[in-house]
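Per-entry structural report
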Amino acid sequence: MAVSQRALEATGLRGGPGRLERLQQWWEQEHVFGYGLILPALVLLTCLVAYPFGMAIYFSLSDYWVGSPGQFVGLNNYREILGNDVFRQTVQNSFVFTGCALTLKTVLGVWLAVLLARDVRFKRLLRGAVLLPWVIPTALSTLGWWWMFDSLYGVVNWTAIGLGIMSAPGPNWLGQANYAMAAVIVVNTWRGLPFFAITVLAGLMSIPREFYEAAEVDGASSRQRFWHVTLPLLKPVLAVVILFSTIFTFSDFNIVQILTRGGPMNTTHLFATLAYQIGLQGGNLGQGAAISLFLFPMLAMVVFLQLRYIRRD
Amino acid sequence: MASTASARARRLRAAMTYANLTPFVFFALFPFYFMFVTSFKRNAELYNLKAVPFWIQTGAITDHYDFLFRRTEFLTWMKNSLMVSVIAMSVSLVIAILAGYSLARLRYRGVGSFGTAVFITYLVPPTLLFLPLSQVVHWLGLSDSIWALVVTYPTFLVPFSTWLLMGYFRTVPREVEECALVDGASRMQTLVRIVLPMAVPGLVCAALFGFTLCWNEFIYALTFVSQSGNKTAVVGVTADLIRGDIYYWGSLMAGAVLASVPIVVIYVWFLDYYVSGLTTGAVKG
């Protein structure tokens, strides 16, 4: 009896480190370790991205105001929004803004990348200078643009009048519909151009020299080389960059919020600024959420295309 | 003869390149130059229609900066920005290192779909979620404090850093890891002592971008915090220096310049990391 008691104790004593060892062995398994490491990220993204996304959908289907959880109202918010002139204007603005800014960024970005890829002096300095607008806080640099676009004291009008491009008072840039849209497009292009240029530049660098040499031997002019060698080989890089930029241009907030706050007469409102105005400043969370959810189809399309592209690689 | 002709052609080509580049560089840098110059101008000169706006004519003054330090909570905003950025970036980096390693290197069921999920959240723009997140922050009892930002910034930092780090982890040769495991190192030891030292450029990159994204963030900081003393630099300057219809253009520009300084310093120091991170990670732009 006493012996077996001792033996039990002995195994019991060994049970302590044994359990720790077993835990360690369990943890060392590839799949357990893998799940363990991904867990913090998954918890975070579930709680603070997936769950709020579900909440946005719930808000958009309810009569939810700041401080008072409302009732389920079905598609009422969407119906109201779609019948609203300001919203329709916003849809149009968003497509004009995204279309123009993306076109400008793509064309100028490829052009700038081609220039930067040439054998120039101060290469690093030039790249550094060109990338700067992308690094500086957009909200702060937009303040600078705001001052530059000032109708009375702004440097844009001063220069344009001085050069004789515009007549005396000059346009009220941020107060007239088309000019205001042009202004926000210019600032978005200014801010996003470096991203295009530097990424496309990396794509250019990866094109083997032999392609150009072969084209040259075949007697292709530099323009032909650009259209028939450079551009087709840049397509994959351009596709990724344009897709990325589409979603982040479409959902832009900073530039419009600071430069025009959606005005004049809602002609520069984007989904994000309108959602901010109605959902936060107006307190109508239900409608605000419904408006910002209109960003979702664009997001879904970009995600779909990007994933297809990644998988094909 | 032929060589001088080709040399001339080359020189002409170079001149054309510089001539083409000049407008781009001017376009990129002029706003910064103009903000800088404006922040040192006297008000009388700012609002003088006849003055040439490109440089300072009636002497540089530091009144606008004085105003910033004496009459606003600028230093508090800077301190808030620094705290939020450093904490959020560090926490996100740790989470992203774990997740990135798991997704890049370990084989288990569902790893592919987890990777896709992280990639999708990477593409979700903050403007889609700011309304429900403001409520989440409220329920957590964090509204109107810098902790609201510390908690929410990882939502865009973690997916981005994970994606960036996965690329760097994949470049570490598998054999090195396997050797360590065979030698009796645990998996965690292998990650910390073998893989991380080989991925230092990636870590630096993720930290730099993380800090920059936090410092520059606008919509969450504008939405979740309303008390002036809890604002970040970017929101403090944009929101608190504009009072009604009176714009303090001089101090607005001074604030914009000073609040950009930390980013500019880091940027100049680590330029190459920014360029390589941009091209490997394909960052939001």
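These numbers were taken from a predicted model, which means no experiment stands behind them.

This part is about the overall build of chain A. When you go through chain A residue by residue, the secondary structure sums to 14 helices and zero strands. If you list the helices and strands of chain A from N to C, you get α-α-α-α-α-α-α-α-α-α-α-α-α-α. What you see for chain A is a C-alpha radius of gyration of 28 Å, clearly larger than the 20 Å of a compact globule of 313 residues, by over 25%. Along the three orthogonal principal directions, the C-alpha set of chain A runs to about 110 × 70 × 35 Å. Relative to its full complement of 313 residues, chain A shows a buried share of 41%.

Along chain B, the regular secondary structure elements total 15 helices and two strands. At 24 Å, chain B has a C-alpha radius of gyration far larger than the 19 Å of a compact globule built from 285 residues. Expressed as a percentage of its 285 residues, the buried residues of chain B come to 45%. Considering only intrachain contacts with a sequence separation of at least 6, the fraction spanning at least 24 residues in chain B is 75%.

Turning to the domain arrangement of chain B, a few remarks are in order. Residue and element names in this part refer to chain B. Each assigned domain of chain B is listed here: domain 1 (2-64) and domain 2 (66-281). Computed over C-alpha atoms, the centres of domain 1 and domain 2 are 33 Å apart. Between domain 1 and domain 2, the residue contacts involve 10 residues of the former and 10 residues of the latter. No other element matches helix α1 (residues 2-38), which puts three residues into the side of domain 1 that touches domain 2. For the side of domain 1 that touches domain 2, the residue count by class is three nonpolar, five polar and two charged.

For the rest of this paragraph, the subject is the confidence of the model for chain B. In the predicted model, chain B carries a mean pLDDT of 90, and the fraction of residues at 70 or more is 96%. This prediction of the complex comes with two scores: 0.91 for pTM and 0.91 for ipTM.

In this assembly, 78 residues from chain A lie in contact with 75 residues from chain B. No other element matches helix α2 (residues 30-60) of chain A, which puts 19 residues into the side of chain A that touches chain B. Residue composition of the side of chain A that touches chain B, grouped by class: 59 nonpolar, 14 polar and five charged.

A word on the domain arrangement of chain A. Interface size is commonly expressed as the accessible surface area that is lost when the partners come together. All names here are of chain A. Here chain A is described as being made up of domain 1 (2-60) and domain 2 (76-312). One C-alpha centre belongs to domain 1, the other to domain 2, and the line joining them spans 46 Å. At the interface, four residues of domain 1 touch seven residues of domain 2. Here the residues of the side of domain 1 that touches domain 2 are counted per class, giving three nonpolar, one polar and no charged.

Another aspect to go through is the nonpolar core. In this structure, Ala 197 and Leu 259 of chain A together with Leu 149 of chain B are the most contacted members of the largest nonpolar core, which totals 164 residues. Contact partners of Ala 197 of chain A, with chain neighbours within four places excluded, come to Gly 109, Leu 112, Ala 113, Leu 116 and Val 130 of chain A.

Residues and elements named next belong to chain A. Among the structural elements, Tyr 309 can be located in helix α14 (residues 296-312). Tyr 309 sits 250 residues away from Phe 59 along the chain, and the two C-alpha atoms are 33 Å apart. With near-sequence residues (within four places) excluded, Tyr 309 lies in contact with Ala 239 and Val 240.

Gly 263 of chain A connects to Pro 264 of chain A through a cis peptide bond whose omega is -10°. Within the secondary structure layout, Pro 264 of chain A lies in the loop between α11 (254-259) and α12 (271-281). A positive phi angle is found at Phe 122 of chain A, which is not glycine, with a value near 55°. Mapped onto the fold, Phe 122 of chain A is located in the loop between α4 (85-117) and α5 (123-135). Phi is positive for Asp 144 of chain B, which is not a glycine, with a value near 65°. By the C-beta count within 10 Å, which is 15 here, Asp 144 of chain B ends up partly exposed.

Residues and elements named next belong to chain A. A rise of 1.5 Å per residue sets the reference length of α5, with its 13 residues, at 18 Å; its end C-alpha atoms lie 18 Å apart and thus fit the reference within 8%. Where α5 bends most, the angle comes to about 25°, and this point is Ala 129, followed within four residues by the proline Pro 133. Of the residues making up α5, those classed as buried are Val 130, Leu 131, Leu 132, Pro 133, Trp 134 and Val 135.

Contact pair helix α13 (residues 285-293) of chain A / helix α6 (residues 126-139) of chain B: the axes reach a minimum separation of 9 Å and the direction vectors enclose 160°. Taken as axis vectors, α13 of chain A and α6 of chain B run roughly antiparallel relative to one another. The two elements α13 of chain A and α6 of chain B meet at a crossing, and its hand is left-handed. Of α6 of chain B, the residues touching α13 of chain A (which contributes Leu 285, Gly 288, Ala 289 and Ser 292 of chain A) are Thr 127, Leu 128, Leu 131 and Pro 132 of chain B.

A separate point is the confidence of the model for chain A. Summing up the model confidence of chain A, the mean pLDDT is 89 and the portion of residues at 70 or higher is 94%. Here residues 1-5 of chain A is a poorly scored stretch, pLDDT under 50, and it has zero contacts once near neighbours within four places are set aside; other chains count.

It is worth spelling out helix α5 (residues 111-123) of chain B at this point. Helix length check: α5 of chain B (13 residues) gives 19 Å between terminal C-alpha atoms against 18 Å at 1.5 Å per residue, within 8%. Buried residues of α5 of chain B: Phe 114, Gly 115, Ala 117, Val 118, Thr 121 and Tyr 122 of chain B, and no others. When α5 of chain B is viewed along its axis, its buried side chains cluster within an angular range of 160° and face the same direction. For α5 of chain B, exposure combined with an orientation more than 90 degrees from the buried face picks out Gly 112 and Ser 113 of chain B. Where the residues of α5 of chain B are buried, they touch α2 of chain A together with α4 (74-105) and α8 (154-170) of chain B.

Conventions and cut-offs
Residues numbered from 1 in each chain as written. Chains lettered and ligands numbered in written order. Predicted model: local features only at pLDDT ≥ 70, side-chain atom pairs only at ≥ 80, totals over all residues. Helix = DSSP H or I, 4+ residues; strand = E, 2+ residues; numbered from the N terminus. Rg over C-alpha atoms; globule rule 2.2 N^0.38 Å. Buried ≥ 20, exposed ≤ 12 C-beta atoms within 10 Å, placed from the backbone. Contact = placed C-beta atoms within 7 Å. Domains from an automatic or database assignment. Nonpolar A, V, L, I, M, F, W, Y, C, P; charged D, E, K, R; others polar. pLDDT = per-residue confidence, 0-100. Core = buried A, V, L, I, M, F, W, Y, C linked by C-beta atoms within 7 Å. Expected span 1.5 Å × (residues − 1). Bend = angle between axes of the 7 residues up to and from the residue. Axes fitted to C-alpha atoms, helices over the stretch in contact; angles between N-to-C directions. Parallel < 35°, antiparallel > 145°, perpendicular 65-115°, else oblique. Left-handed = near helix turned anticlockwise from the far one by under 90°. Arc of directions from axis to C-beta.

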